[in-house]
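Descriptive structure summary
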Number of protein chains: 2
Amino acid sequence: MQGLMMDVPMLLSRLIDYAADHHGETEVISRQINGRVERSNWRALRSRSKQLAKSLLAAGFNSDTHFSSLTWNTINHLEVFYGVLGIGSPLHTLNPRLTVNDLCYMIELMADTVCFYDADTQALAEEIDRNTDSIRQWIYLDEGEALPATSLRKYCSLSALKDGVDDQFEWPVFDERDAATVCFTSGTTGRPKGVAYSHRSLTLCAMNMTMVDMYGSARNGELVCAMPIAPIFHANGWMMPFSAPMNGHKLVLPGRDFSSAGVVELMAQEGVTIAGAVPTVWSDIMAKADSSETSLPSLSTALVAGTAIPEKLFDLLEGRGIGVRTTWGMTEVPGATRASLPPTAGETNKADIRKIALSRQGRVGFQADLRIVDEEGNCLTHDGIASGILQVRGPIVAARYVGESEDQAVQWLDTGDIATIYPDSTIQIVDRAKDVIKSGGEWISSPQLEAAAASHPAVNLAAAVAAPHPRWQERPFLLCTLNANQEVSADALRQHMAQTLAKWWLPEDIKFIEEMPLTATGKINKMRLRQLYVQASILEEKG
Amino acid sequence: MQGLMMDVPMLLSRLIDYAADHHGETEVISRQINGRVERSNWRALRSRSKQLAKSLLAAGFNSDTHFSSLTWNTINHLEVFYGVLGIGSPLHTLNPRLTVNDLCYMIELMADTVCFYDADTQALAEEIDRNTDSIRQWIYLDEGEALPATSLRKYCSLSALKDGVDDQFEWPVFDERDAATVCFTSGTTGRPKGVAYSHRSLTLCAMNMTMVDMYGSARNGELVCAMPIAPIFHANGWMMPFSAPMNGHKLVLPGRDFSSAGVVELMAQEGVTIAGAVPTVWSDIMAKADSSETSLPSLSTALVAGTAIPEKLFDLLEGRGIGVRTTWGMTEVPGATRASLPPTAGETNKADIRKIALSRQGRVGFQADLRIVDEEGNCLTHDGIASGILQVRGPIVAARYVGESEDQAVQWLDTGDIATIYPDSTIQIVDRAKDVIKSGGEWISSPQLEAAAASHPAVNLAAAVAAPHPRWQERPFLLCTLNANQEVSADALRQHMAQTLAKWWLPEDIKFIEEMPLTATGKINKMRLRQLYVQASILEEKG
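One numbering rule holds for all chains: residues counted from 1, following each sequence as written. Ligands are numbered from 1 and chains lettered from A, in the order in which they are written. Where local features are concerned, this predicted model is filtered to residues with pLDDT of at least 70; where side-chain atom pairs are given and counted, the filter is 80 or more; whole-chain, interface and lining totals use all residues. For the side-chain quantities, the full set of heavy atoms in the structure was used; hydrogens and water were omitted.

**Considerations on the overall build of chain A**
Rule in force here: Counting from the N terminus, the helices are the DSSP runs of H or I reaching at least four residues and the strands are the DSSP runs of E reaching at least two. To get the radius of gyration, use the C-alpha atoms; to get the globule rule, take the number of residues to the power 0.38 and multiply by 2.2 Å. Each residue is assigned to one of three classes by its accessible area relative to the maximum for its type, calculated with a 1.4 Å probe on protein chains only: buried under 20%, partly exposed between the two thresholds, exposed over 50%.
Along the backbone of chain A there are 15 helices and 25 strands. The globule rule puts the C-alpha radius of gyration for 543 residues at 24 Å, and the 24 Å found for chain A is close to it. The principal-axis extent of the C-alpha atoms belonging to chain A is close to 70 × 65 × 60 Å. By residue count, 61% of the 543 residues in chain A fall in the buried class.

Below, the structure written as structure tokens:
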């Protein structure tokens, strides 16, 4: 028997409508590219988004147009989010920190034809424009200034595009499974992989995140003021562009200024109550707040993800009454775990909270089932002892990547992490299955590093492994064997690699070794490499 | 462009799986029909539901079978919920307080062929069985006792049905838009109307209710212990059968014992932290707790709906540190509003909380848009002054009733309430458009009362209106004109009406009048009737 409920699709336009209609005066703040702090609100943002949507359709674009954005966390970017998604087009959010080579690859794979850029990313946009013919229209996100001279072939400003267009516009209705934002993640195959979120998955994900034990806390009129201290192009910026309008949160965006000085100033000024960042960023924020004597009295919750939180930082935050909530997610499934203790009878135990926050990455959440399996795919028990490959499944999880065919869709997504799940359903990431290095919350692909190094004529075999780093958690450590009678210095090799890799990917440490340890099947034995070189050097330092 | 996320349907079996897997030890408690308190947990409940599902399929039933239940808030009932819904069959939850006539009508409209009953409802089941051939299998929800002798034509006990069947069973996967539970509501057309909730709508509704500002509050290991003090067959019992497993809540069910003594005892014993009830029930609970010196130290939140909360009760609850949260919903859209103040800057204002709790029915929530329209369907402004017909729309709202055709589906559902919406999106129900009487949180249909009265040979015209009542909020007040030279006493008329109506529907007050006031179009002028008889008598009492 069919249910007889309304067939209202979960479109993201419903979010901005809800926010505009029911907490329209709640503020949306951002530091713009020019450094100025801009103040807006949900109602004004809807008006701007509708005006943009109407302008895009008038200019001949439609839901078949693939849009991309090369910009930072600003109100302009949010306007582009809701304007583009509102007409049913996908918005591919590009990471300006990547190389021109990778950016062109992603743009062409997505067949993006329109790209939004800003004063900060213009030079990068021009370089992309010289390397691909994909983008047929560039749109400059102006902030009151004249459109700067540019070598771009076809461009206009956002203001010019919207000139004379009003905000009288009804959002179209379409399938909730249509693509909304598209984010790429570094993979192990050498090329970034695109996750195409649907309107359905992002709505469910934002609901999920604002349920009990997630971002949410029950209120009685207090204003929740949320700030993602991560770029929006990075897994949708802690989902806050969607969870904030859904719950009437004030939203504060740092623009492109992620410096601790800039962030602390904005947090204090706007009364941020909850913010999400990786531990190193939290350390910097607290250090800056201390040294500049800027107190953050409104801050009540520190969301932490990306890596385990150091004990010292946890105690510092909690000591100031800022609750720490650790969670786990990835581009393919943002915000998968609940940031809380399991529901057990009895009094809250401070020691338990501390232990779980320090050693676990949250508890299995609804809409994203987690399991661990062995190498043959057999499920392992959740006993806090067995560890295996962490897999995830649910309506908020990617089934396949951009460019993959339907038969490549997976039932359970392999996260690339090795984890233990406890009987209380808290999870602990214990190792990484995939060969990736996580630096400052961003992934660096070892195969890409290795390919770049091995392309140097003197290099025989190259292997990159993660080395612990006090600031970035991890940095790549490159080990190479050389061809007979060939030589290359570390500097020269780095210069060679810089031709194809982003600067921040380049390994500070390169070591030339006599013999590369191999596995029985002839693959490079990275476990042995870590034992021989990484762990040895840690022991040395400790000694 | 299509999104590339997993196509995992939102089925309710995922809820019980999630609960069993991730907070399986969390308790589920109910007072059984025999008065004993039974203790179970989410893992055991899943096992029982799977065993039931497997047994039903083995007995030849399938997803085309329409099941119904004639029972109270017990663990057995929950087992039936998840067992039946898990195989994709609809479960029609019957209200044992209705008449045999109405129950048979609903069973036949739904084409129910299987019905679960219990020791308390057996006599009613037998009467239904004498009046309809629809039910071909009755299943007795036994609690350890032998199956009692019965006149039912085809019956067995739950234990017998499940005998020898294990719980090794995989839930089937089907369309999330398929019907799950079906609840009937009294309408204005004289016959109850059925709402067929889908798996999708119930999942979204339970998520919605446990978001910020809904039932949820952020936890750190504290056990939330939830108790719906309303029958499960009544709009899914505050949605708690679904929101509890989704969030790891302990669930406590009162069985059929809704007496204040029984409820208070269970609340104290099990440490209930949050419960939902109409104001009269809350008044009784607090009075009982006081008189029996049973303290309720764990109770932190009182959910209130159905009607405005009296000032005295609000102050009593808040004075004991029990937060009052008023919300609004109906069978067609359970839990539509957020139980909170709007998000405004600045400190929480106790006076504002009090004012909004006393005069408003919550704030417009996500997934259920609300608007007010005039009689021509024009939207009215949300200025706190204009009042109009309250309409609702969203994926958790009924589009049409059981038995209606697709072209009867509405875009916006008429709630039958007249409301004002304030600029902060709080709503206030100011009057009722439909001719229904709300007695103790349940609807009584005036047209049905009128038809029953008018069927007496002496009665010419009959009109039922709502009269305020200190305990039941409202009771029906019947006004009749008699045919010439005919007479009937109030008692005799009540006896006549008792043949077709439930006892609690019968009006205590019947008044015979000389002339029935009519509108210009010849309809009974109820507004005039209320002015002449209801308001006059209130003024009299006050005088």
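**A few points about the environment of Ser30(A)**
All names here are of chain A. Put simply, the test is: By definition, residues are in contact when any of their heavy atoms lie within 4.5 Å. By the criterion applied in these results, polar contacts are pairs of N or O atoms within 3.5 Å in which, for protein atoms, one can donate a hydrogen and the other can accept it, and in which residues neighboring in sequence qualify only through two side-chain atoms.
As for its placement among the helices and strands, serine 30 is situated in strand E1 (residues 27–31). Taking the C-alpha atoms as reference points, serine 30 and asparagine 73, separated by 43 residues in sequence, lie 7.3 Å from one another. Those residues in contact with serine 30, other than ones at most four positions away along the chain, are Arg36, Val37, Glu38, Asn73, Thr74, Ile75 and Leu253. A distance of 3.1 Å separates the side chain of serine 30 from the backbone nitrogen of isoleucine 75, its partner in a polar contact.

**Here we look at the packing of helix H2 (residues 42–58) of chain A against helix H3 (residues 75–86) of chain A**
Residue and element names in this part refer to chain A. Going by this rule: Only the contacting stretch of a helix is used when fitting its axis, a line to C-alpha atoms as for every element, and angles between N-to-C directions run 0 to 180 degrees. Reported orientations rely on four angle classes, namely roughly parallel under 35 degrees, roughly antiparallel over 145, roughly perpendicular from 65 to 115, and oblique for the rest. For any helix crossing, the convention is left-handed if the near helix is rotated counterclockwise from the far helix by under a right angle, and right-handed if that rotation is clockwise. In the scheme used here, Gly and all other residues not listed as nonpolar or charged are polar, with Ala, Val, Leu, Ile, Met, Phe, Trp, Tyr, Cys and Pro taken as nonpolar and Asp, Glu, Lys and Arg as charged.
Contact pair H2 / H3: the axes reach a minimum separation of 8 Å and the direction vectors enclose 55°. Overall, the two elements H2 and H3 adopt an arrangement that is oblique. Crossing of H2 against H3: the hand is right-handed. Listed contacts from H3 to Leu45, Arg48, Ser49, Leu52, Ala53 and Leu56 of H2 are Ile75, Asn76, Leu78, Glu79, Val80, Tyr82, Gly83 and Val84. For the contact of H2 with H3, the class distribution of residues is nine nonpolar, three polar and two charged.

**Observations regarding the side chain of Gln367(A)**
Note on placement: Gln367(A) falls in the loop between strand E16 (363–364) and strand E17 (369–373). Taking relative accessible area as the criterion, Gln367(A) reaches 0% and is therefore assigned buried. At 2.9 Å, the side chain of Gln367(A) and the side chain of Arg14(B) are in polar contact. Setting aside residues up to four positions removed in sequence, Gln367(A) forms contacts with Leu204(A), Asn208(A), Arg393(A), Gly394(A), Pro395(A), Ile396(A), Met10(B), Arg14(B), Thr203(B) and Met207(B).

**Concerning the packing of helix H7 (residues 199–209) of chain B against helix H8 (residues 240–247) of chain B**
All names here are of chain B. Relative orientation of the contacting elements H7 and H8 amounts to 65°, with a least axis distance of 9 Å. Seen along the crossing, H7 lies across H8 with a hand that is right-handed. The segment H7 lies against H8, with Leu202, Thr203, Ala206 and Met207 engaging Phe242, Ser243 and Met246. Of the residues in the contact of H7 with H8, the class split is five nonpolar, two polar and no charged.

**Some points on the packing of aromatic side chains**
Residue and element names in this part refer to chain A. Put simply, the rule reads: Classification of ring pairs rests on two measures: the distance between centres of Phe, Tyr or Trp rings, Trp counted by its six-membered ring, which must be within 6.5 Å, and the angle between planes, read as stacked under 30 degrees, edge-to-face over 60 and tilted in between.
Counting across every chain of the model gives 20 aromatic pairs over all chains. Look at phenylalanine 67 and phenylalanine 116: their rings are 6.1 Å apart centre to centre, the planes differ by 25°, and that puts the pair in the stacked class. Here phenylalanine 116 lies in strand E5 (residues 114–117) and phenylalanine 67 lies in strand E3 (residues 67–70), a separation of 49 residues in the sequence. The pair formed by phenylalanine 67 and phenylalanine 116 is uniform in burial state, with each residue classed as buried.

**Some points on the relation of the copies chain A and chain B**
Quick note on the threshold: Superposing the copies works by least squares over the C-alpha atoms of residues that have pLDDT at least 70 in both of them.
When chain A is fitted onto chain B, the two copies agree to an RMSD of 0.1 Å after a turn of 180° and an axial shift of 0.0 Å. The two molecules are tied by a two-fold rotation axis, judged by turn and shift. Closest to the rotation axis within chain A is the C-alpha of Met211(A), separated from it by 2.0 Å. Of all interface residues in chain A, 100% are interface residues in chain B too; the two copies therefore contact each other through one and the same surface.

**As for the environment of Val278(A)**
All names here are of chain A. Within the secondary structure, valine 278 sits in the loop between strand E12 (274–277) and helix H10 (279–291). Spatially, the C-alpha atoms of valine 278 and threonine 150 are 36 Å apart, while their sequence positions differ by 128 residues. When residues no more than four places from it in sequence are discounted, the contact partners of valine 278 are Ala305, Gly306 and Gly441.

**Some details on the sheet that holds E1(A)**
All names here are of chain A. Formally: At least two bridges found by DSSP between two strands is the condition for calling them paired.
Read across the sheet, seven strands follow the order E2-E1-E11-E10-E12-E13-E14 without closing on themselves; strand pairing throughout is mixed. Of all the strands in the sheet, the pair left with one neighbour each is strand E2 (37–41) and strand E14 (323–326). Averaged over all pairs of adjacent strands, the angle between their axes in this sheet comes to 20°, without regard to strand direction. Pairing between E1 and E2: five bridges, direction antiparallel.

**Quick notes on the nonpolar core**
Note the following rule: What we call a nonpolar core is a set of buried Ala, Val, Leu, Ile, Met, Phe, Trp, Tyr and Cys residues that are connected through their side-chain atoms within 4.5 Å.
Ranked by internal contacts, the top residues of the largest apolar core, which has 164 residues, are Leu56(A), Phe242(A), Leu56(B) and Phe242(B). When residues no more than four places from it in sequence are discounted, the contact partners of Phe242(B) are Leu12(B), Leu15(B), Phe81(B), Tyr82(B), Leu85(B), Thr181(B), Leu202(B), Ala206(B) and Asn236(B).

**Re the interface of chain A and chain B**
Interfaces are often described in size by the accessible area the parts lose on coming together. Using the following cut-off: Buried area: the sum, over both parts, of the accessible surface (1.4 Å probe) that disappears when the two are put together. Any carboxyl oxygen of Asp or Glu that lies within 4 Å of a side-chain nitrogen of Lys or Arg is treated as forming a salt bridge with it.
Taken residue by residue, the interface counts 83 residues in chain A and 84 residues in chain B. Counting each side, the surface lost to burial between chain A and chain B is near 7100 Å², with a carbon and sulfur contribution of 54%. By the criterion of area lost to chain B, the three top residues of chain A are Met1(A), Met5(A) and Met6(A), representing 13% of everything that side buries. One can count six salt bridges joining chain A with chain B. As a salt-bridge pair, Arg200(A) and Glu176(B) come within 2.7 Å of each other at their nearest N and O atoms. Between chain A and chain B we count 30 residue pairs in polar contact (both at pLDDT 80 or more) in total.

**Comments concerning the side chain of Thr65(B)**
All names here are of chain B. Here threonine 65 is to be found in the loop between helix H2 (42–58) and strand E3 (67–70). When its relative accessible area of 11% is taken as the criterion, threonine 65 is described as buried. Apart from residues lying up to four places away in sequence, threonine 65 is in contact with Ser89, Pro90, Thr113 and Val114.

**Focus on the pairing of E12(A)**
Residues and elements named next belong to chain A. Where burial is concerned, the two faces of E12 agree: the one with Ile274 and Gly276 and the one with Ala275 and Ala277 are both buried. Relative to strand E13 (residues 301–304), E12 runs parallel, the two sharing four bridges. Residue pairing across strands places glycine 276 opposite leucine 303, the latter belonging to E13.

**Notes on unusual backbone geometry**
A positive phi is found at Gln473(A), a non-glycine position, where the angle reads about 70°. Within the element layout of this structure, Gln473(A) appears in strand E24 (residues 473–482). Using a relative accessible area of 18% as the deciding quantity, one classes Gln473(A) as buried. Phi angles above zero are rare outside glycine, and Ser425(B) is one such case at about 70°.

**Thoughts on the sheet that holds strand E9 (residues 193–198) of chain A**
All names here are of chain A. Pairing within the open sheet is mixed, and its seven strands lie in the order E7-E6-E5-E3-E4-E8-E9. One side of each edge strand has no neighbouring strand; the edge strands of this open sheet are strand E7 (155–157) and E9. Taking each pair of neighbouring strands and ignoring which way they run, the sheet shows an average axis angle of 25°. Two strands pair when backbone bridges link them, and E5 and strand E6 (residues 137–140) are joined in this way by four bridges, in the parallel orientation. If you follow valine 114 over to E6, its bridge partner there is glutamine 137.

**Looking at helix H1 (residues 13–22) of chain A**
Burial analysis of H1(A) places eight of its 10 residues in the buried class, which makes it a mostly covered element. Residues Ser13(A), Arg14(A), Leu15(A), Ile16(A), Tyr18(A), Ala19(A), Ala20(A) and His22(A) constitute the buried set of H1(A). In this structure, the buried residues of H1(A) make contact with H2, H3 and helix H8 (240–247) of chain A together with strand E15 (337–338), strand E16 (363–364) and strand E17 (369–373) of chain B.

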